[in-house]
Amino acid sequence: VLYTLPFRDSISLLSCIDTICHDPTQIVISVFYQVDPPDMRNQNGNFGDSFLKLEERLKENTEKLQSWRNALKEFMPSLSGFHSLNIT
């Protein structure tokens, strides 16, 4: 899974994270490009700003938004991957 700033408010990316989080049989190789994993996990920084904009767009679907928030908090701490700042 490629996590990058242009996709930080992508519904399909968040749905993918939610699906992966609830299916322990999935094997995931993550690449964090121009986004910090802690920002995704805690929904802060640039990722958090975009998540707030997404909340505004989907304010009627609070259940799905909460599901995505929970998936990020639960899934991200156990996720390992490659961070673009560490790739030369």
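Identification of the chain as TIR domain-containing protein from Citrus sinensis is taken from an unreviewed UniProt entry.

Engineer: Help me understand the packing of aromatic side chains, please; the structure alone is not making it clear to me.
Structural biologist: To describe a pair of aromatic rings, you give the distance between the ring centres and the angle between the ring planes. Per the counting criterion, the structure on display carries one aromatic pair. Summarising the aromatic geometry, the rings of Phe47 and Phe51 are spaced 6.2 Å apart at their centres and angled 35° between planes, so their arrangement reads as tilted. In this pair, Phe47 and Phe51 are both assigned in helix H3 (residues 45-57), four residues apart and thus about one turn of the helix distant. Comparing Phe47 with Phe51 shows no difference in burial state: the two are buried.

Basis of the calculations
Residues numbered from 1 in each chain as written. Predicted model: local features only at pLDDT ≥ 70, side-chain atom pairs only at ≥ 80, totals over all residues. Heavy atoms only, no water. Phe/Tyr/Trp six-rings, centres within 6.5 Å; stacked < 30°, edge-to-face > 60°. Helix = DSSP H or I, 4+ residues; strand = E, 2+ residues; numbered from the N terminus. Buried < 20%, exposed > 50% of the residue type's maximum accessible area, 1.4 Å probe, protein only.

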